[in-house]
Structure formats: C-alpha cells, structure tokens
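Below, each chain spelled out in residue letters.
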Amino acid sequence: MYRALVLGCGARAHCHARVYPVEGIEIVACCDIDAERREAFAKTYGIPATYDDYEKALAEVQPEVVHIVTNPVRRVWEAETTAKAGVKVMILEKPIAVRPGDLRGLAEVRNKYDMEIITNSQRRCFPETTDGVLHEVIREKLGELYFVRCSTRGNLMGMGPHLMDWLLGFLGDPEPEAVWANGSGRSTEGYQATHIAPEHVLAEYWFPGDVRVVFDCDPDALGTPKDPKGFNCHLDFLGSRGRLYISQIGSYFYQTEGMAEPVRHTADENNHDIGQRELTRKVVEMLADGTPHPLRFEVGERNFRALFAAEQSMWEGRRIELPARFEDEDWEKLIKRLEAGAAS
C-alpha cells in the first residue's frame, strides 16, 4: 500500500481526493497553512494526519506519492523539496509552470532526482482516450489528417494545458514544428491572478505531416454548446476522408466516406472523476512494475514548451520555430504589456 500526501486543500484538491479509494494507494496526510480548510478537508476524506508545515509533513509521513494542488507560482521549490524528501512520484496540478524558467527548473529537478513528475491532465485518462477507438479513427479512418480546430474557454494557463495535452495525445505526442500566435489582455480576477497568462489567445501551430492546428483559448471561445461547467473544451479533426468531433467530457461523433450516418458516442458525465481515478491508478501501476505513466514529465514538458512558444510568438511578433527558448525577462515584459493593454 503506497502512502499519499496532499499539499494544498483548496477546491481543486477535492478533485484529487474524492476519487479515492484507489487500489494500492491511500491518502494518509494533508497539508495546508489554512487550519480551517485543512481540518475540513481531512474530515471530509477521513485523512488521519494534518500539517501546516510541508517539510515536517514529508519528514514524518515519508510518502511515496504527493499530490501538489497549490498556487502554481512556486512549482520549482515544491518539486525540489518533495524530491529531496525521497518521494517517488509528484502528481502536479496544472499548470505545472506559468513562467518558462520554471519549466526548465522542473526539468533540472527531474534530471537530478529519482522522482517522476506527473501532470494532472485527466482528460488523457478518460475511457474514450484510453480505449484506442479515437486514436484508430484519427490514424486510420479520416484519411490524410490536415486540419484540427481546438477551442476552450479560459486563459492560456487555465484551460490551455488541458486542450494542448489532449491534442498532443491524439496526434501521437509530436513536437510542433512552429507556431504563430496573437494575444491580448491579462485578467487578475479569480484563478487568473495565479494562472498568469494572456487572456485571449488565437494561435496557429504547424505539426509534422503538414497538419495545421488552430488553437483558440479565450473566455469567449467557441466550443461545445451547453457545457454545464462552461469550459467548452473541444477538438475538431478534419481529414481527406472524414471528420471527428470530440467534446469537453469525451463525447464524440465521426463520419467518413461511405457512411450514411455518423457514429455517435455519449460519454459519462462523471468523466472528470473517472479520468482522475485512472490517472492515480496508473501511478500505482508505474510504482509497482515500472509501466511508464501517460502523463510523465517528458509529456508534460512538451505540452508547456508548445504553450510558451505561443507566448514567445506574441512577444516577438513573428512565427516561432520549435524547439525555442523563451526567457523569463521577456515573459515578464509580455505580461506587463498585456496588463497595460487590458487596462487601457
């Protein structure tokens, strides 16, 4: 039985904890500086130990797995502190980095210590993503794939990581070849205050095989109608012999040459919890027999490199060839420019 610790007991932490029990792992402690929130969280999920000091919690609990569900501006400190304590797996809530330098810092931690960093992008673990049907449709039934339209409501570091991860997974996890992006505004209200990113983004990505992707990430983005949570995350694949449409919770339809009617599938409305449980179960599998996790760090790193390249394109006003290197000082200038534009 592996021991898990949860750092951060806010709203998103409930999404991590409520999928337990998961066979082979249990939450034995939680940590948060807010005593009322911490104790309420522990009571809700029957967690026996609570802490307000993370380093003390790590030393006393000695967990194999830690869920990091905190403000995303301290990722490198959290990762290094966790790794030094001997933790084997860190499940890191997205965004795993809001600054490009933080992503490089996480890579240094990953290379230095024997700790895997899992990005908490649960859509990759939806049944519709893992059963192979959609991959088969994209690879074998649509003909020559040439265009994908992706859309989600939220800023680039809010819902953008989910959208990009889903896209990369369906394409076979390639590195984009290039990106051109336009963006405006930066809100400091609600989650946007810590998910520091352009508010309105329209990007065009070039992928291997002459696949072109339009990536729309914006609070007013078009997407799946009537999504109850308002995220409207969806992907639309166009090929030479057909079309595939995937919605926010994994429902889909596709139609190819020779089909009088499209094939339709309605996903379970609880897919976010189903995906989160499967993500956690795959951590147990990785620890037990070494099976690579689908959201291991090299996958998450590729995701965020693509997002930061879009920000670099906004800053430099040109198409960016990947791999690219966006410096923190230029990122900070971009954010200030966006804030000034939003205020004008």
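Report follows, based on the coordinates. (Residues numbered from 1 in each chain as written. Predicted model: local features only at pLDDT ≥ 70, side-chain atom pairs only at ≥ 80, totals over all residues. Heavy atoms only, no water.)

Some details on the nonpolar core
Rule in force here: Buried residues of nine kinds, namely Ala, Val, Leu, Ile, Met, Phe, Trp, Tyr and Cys, make up a nonpolar core once their side-chain atoms join them within 4.5 Å. The buried label goes to any residue with under 20% of its type's maximum accessible area, the exposed label to any with over 50%, and the partly exposed label to all in between, with areas taken from a 1.4 Å probe on protein chains only. Each helix is a run of DSSP H or I of at least 4 residues and each strand a run of E of at least 2, with the numbering of both proceeding from the N terminus.
Residues Tyr205, Phe215, Phe237 and Leu244 are the most contacted members of the largest nonpolar core, which totals 78 residues. Here this core gets eight residues from one element, more than from any other, and that element is helix H10 (residues 297-316). Counting 25 residues, the second-largest nonpolar core is a separate cluster that includes Ala42, Val65, Val283 and Leu295.

Some details on the sheet that holds strand E4 (residues 65-68)
Keep this limit in mind: Here, a strand pair is defined by DSSP locating no fewer than two bridges between the strands. Note on geometry: axes are C-alpha line fits, over the in-contact stretch for helices, and angles between N-to-C directions span 0 to 180 degrees. Any two residues having at least one pair of non-hydrogen atoms within 4.5 Å are treated as being in contact.
If you walk across this open sheet you meet the six strands as E3-E2-E1-E4-E5-E6, and the pairing is parallel. Of all the strands in the sheet, the pair left with one neighbour each is strand E3 (49-51) and strand E6 (116-120). Here the strands of the sheet are splayed against their neighbours by 25° on average, with no regard to which way each runs. Relative to strand E2 (residues 25-31), strand E1 (residues 2-7) runs parallel, the two being bridged by six bridges. Its bridge partner lying in E2, Arg3 is registered against Glu26. Its contacts with the sheet put helix H2 (residues 35-45) on E1, E2 and E3, and the angle it makes with E3 is roughly 160°.

So, helix H9 (residues 271-289)
The test is simple: Any helix carries an expected span of 1.5 Å times its number of residues minus one.
Here H9 contains 19 residues, and its C-alpha end-to-end distance of 26 Å stays within 8% of the 27 Å for a straight helix at 1.5 Å per residue. Of all the positions in H9, only Asn271, His272, Gly275, Gln276, Glu278, Leu279, Thr280, Lys282, Val283, Val284 and Met286 are classed as buried. Count one or two residues on from H9 and you reach Gly290, which has phi positive near 85°.

Regarding unusual backbone geometry
In this model, Tyr20 is joined to Pro21 through a cis peptide bond whose omega is 10°. Locating Pro21 in the fold gives a position in the loop between helix H1 (11-17) and E2. Backbone geometry at Gln62 places phi at a positive 50°, although glycine is not the residue there. Looking at the element boundaries, Gln62 is found in the loop between helix H3 (54-61) and E4. Although it is not a glycine, Asp210 sits at a positive phi angle of roughly 60°. Take Asp210: it is sitting in the loop between strand E9 (200-207) and strand E10 (211-217).

Examining the pattern of salt bridges
We apply this condition: Put simply, a salt bridge is a Lys or Arg side-chain nitrogen that is within 4 Å of an Asp or Glu carboxyl oxygen.
The final tally for this structure, using the stated rule, is 23 salt bridges. Measuring nitrogen to oxygen at the nearest pair gives 2.8 Å for the salt bridge that ties Glu278 to Arg281. Taken together, the residues span about one helical turn, with Glu278 and Arg281 both in helix H9 at a distance of three residues. The salt bridge involving Glu327 is made with Arg325; its shortest N-O contact spans 2.7 Å. Overall, Glu327 belongs to the partly exposed group, its relative accessible area being 31%. Residue classification places Arg325 among the exposed residues on the basis of a relative accessible area of 52%. Sharing partners across several salt bridges, the network here consists of Glu278, Arg281, Lys282 and Glu285.

Regarding the side chain of Thr256
Topologically, Thr256 is positioned in strand E13 (residues 252-256). Overall, the relative accessible area of 13% leaves Thr256 in the buried class. Not counting chain neighbours up to four residues away, the residues in contact with Thr256 comprise Lys141, Leu142, Arg241 and Gly242.

Considerations on the sheet that holds E13
Here we have nine strands laid out as an open sheet, ordered E14-E13-E12-E11-E7-E10-E9-E8-E15, and mixed in their pairing. A single partner strand is all that each edge strand has here, and the edge strands are strand E14 (263-265) and strand E15 (320-321). Lying on the sheet, helix H8 (residues 160-171) is in contact with strand E7 (145-152), E9, E10, strand E11 (234-239) and strand E12 (242-246); it crosses E7 at an angle near 160°.

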